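# What the coordinates show
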Amino acid sequence: MDITFLGTGGAWGVPELNCDCFICREMRRKGEKRERTSLLLSNKTRLLIDCGPDAKSQLSRQQVDTIDGVLITHEHTDHYIGLDELFAYKRNGPRGSFSPIPVYLTHGSHEVIRKRFDYLEDMEVIKACHIAPNRRFTAGEFEVLPFDTYHGAFAGGSVGFLVRFKDVSGTDIRIVYTSDFSELPDPPSEIFNPDYLIIQSFWLNEPINNRPNHMSFQRAIHFIKLLNPKKETFLVHIGDADMVSDDPANSMLKKYKPRDPLRPPAGGEPYPIPLNQAQWQETVDRIAFDRGLPYRITVAYDDLRIKV
Ligand SMILES: [Zn+2]
Ligand SMILES: [Zn+2]
């Protein structure tokens, strides 16, 4: 089974349009980018988790020729606005061969998404399948358990997913996927001690005002410890909203002051804000080492593919 990180960026991707902050500048200089966060699980069944504005380029790059289902975490544009791109899977197959792609989403998310995409249901490109926290369902060989994630009042339908399947040797593998969130109000016991955890790190440091309820790496450390993944943790939905020392762009609306930034346990200056992929991984490794965290934490990047 392959897990492909189709995109690993925040709501507007990075580098962001019209942004000349130190992070975006450095990423342009290095030719790096993070498209909107989306994940592909592929084995006999191919499941997409979220379908944002970069879906067309992501699915073409990976040459995805069939999709058996889409899991939607919540009703924010960066997680669903690419659903219209799925029309290509109906248009470009032999006449009469296509069945609507099941899109699994909560009632709360569907209320918002159907206002825009009811025609995709009417034209049988997609088929909405209602899901609810703590009610498991199967999608091909995958067993999925949605669980409640708190992402503020403007994302009432927000969920994370526990995805379970058997590997070639018949061993049960569990992947926990959390999207944008700040709290896990009622975590079911099955999501603890997964093999893999995928978690948002929108900022490195928790900002003074966490609006609208996103996860920083600083706070994610608590959830990594709580959920205690056995094999590997991946960080996604990474943005550029940390303030970087001496950056004139710190005056931008999106730049938030840290509340109490991560610093070495012995004290001293906070860890510098990472500007590119290599610095992100180095910083995360250093923080994990300094705190004696027994976890393998990988800063995911676009098109990273791992075999599980
Ligand atoms: Zn998002
Ligand atoms: Zn969101």
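Here's a quick rundown of the structure. Each chain has its residues counted from 1, running along the sequence as written. Just so you know, chain letters begin at A and ligand numbers begin at 1, following the order they were written in. Where totals are concerned, whole chains, interfaces and linings use all residues; where local detail is concerned, this predicted model gives features only for residues with pLDDT of at least 70, and gives and counts side-chain atom pairs only at 80 or more. The basis for the side-chain values is all heavy atoms of the structure; hydrogens and waters are excluded.

### Some details on the coordination of the zinc ion (ligand 1)
Atoms are scored as donors when they are N, O or S and lie within 2.8 Å of the metal, with 3.2 Å used for Na, K and Ca; no water is included, so coordination may look incomplete. Ligation of the zinc ion (ligand 1) by protein atoms is provided by Asp78 (OD), His79 (NE2), Asp180 (OD) and His237 (NE2), these donors lying 2.1 to 2.2 Å from the ion. Square planar and octahedral sites, with four and six donors, are those where opposite donors lie more than 155 degrees apart and all other angles lie between 65 and 115, tetrahedral sites have four donors with every angle between 85 and 135 degrees, and the rest are irregular. One can describe the site at the zinc ion (ligand 1) as irregular: its 4 donor atoms subtend angles covering 85 to 162° at the metal. Written as a sequence motif, the donor residues of the zinc ion (ligand 1) are D-H-x100-D-x56-H. Between the zinc ion (ligand 1) and the zinc ion (ligand 2), a separation of 3.5 Å is found, and both are coordinated by Asp180.

### Quick look at the sheet that holds strand 2 (residues 38-42)
As a general point, the strands of a sheet are linked pairwise by backbone hydrogen bonds and lie either parallel or antiparallel. Strands pair, by our definition, only if DSSP identifies at least two bridges between them. Helix and strand labels come from DSSP, where a helix needs a run of H or I of at least four residues and a strand needs a run of E of at least two; each type is numbered from the N terminus. Spatially, the 7 strands line up as an open sheet ordered 6-5-4-3-2-1-14, and their pairing is mixed. Every other strand in the sheet has two partners, leaving strand 6 (126-131) and strand 14 (304-307) as the edge strands with one partner each. Direction aside, the axes of adjacent strands within the sheet are offset by 20° on average. Bridging between strand 5 (residues 101-106) and strand 6 involves 6 bridges; their strand directions are parallel. Bridge assignment links Pro102 to a residue of strand 6, and that residue is Lys127. Whether two residues are in contact is decided by their heavy atoms: any pair within 4.5 Å suffices. For helices, the fitted line uses only the C-alpha atoms of the stretch in contact; every axis is such a line through C-alpha atoms, and the angle between N-to-C directions lies from 0 to 180 degrees. With respect to the sheet, helix 5 (residues 107-122) is in contact with strand 5 and strand 6, its orientation differing from that of strand 5 by roughly 150°.

### Side note on the pairing of strand 11 (residues 196-200)
The element strand 11 is extensively covered by neighbouring structure, given that 5 of its 5 residues are classed as buried. Of the two faces of strand 11, the one carrying Tyr196, Ile198 and Gln200 and the one carrying Leu197 and Ile199 are both buried. Looking at chain direction, strand 10 (residues 172-177) and strand 11 are connected through 3 bridges and run parallel. Among the inter-strand pairings, Ile175 is bridged to a residue of strand 11, identified as Tyr196. In this sheet, strand 12 (residues 232-236) lies alongside strand 11 in parallel orientation, the contact comprising 5 bridges. Residue pairing for strand 12: Gln200 is matched across the bridge by Val236. Handedness of a crossover is defined as follows: with both strands directed away from the viewer, a clockwise route from the first strand across the helix to the second makes it right-handed. You can see the chain leave strand 11, run along helix 6 (residues 217-227) and come back into strand 12, and the turn it takes is right-handed. For each residue, the accessible area found with a 1.4 Å probe, counting protein chains only, is set against the maximum for its type, and the residue is called buried under 20%, exposed over 50%, and partly exposed in between.

Just distances and angles here, no functional claims.
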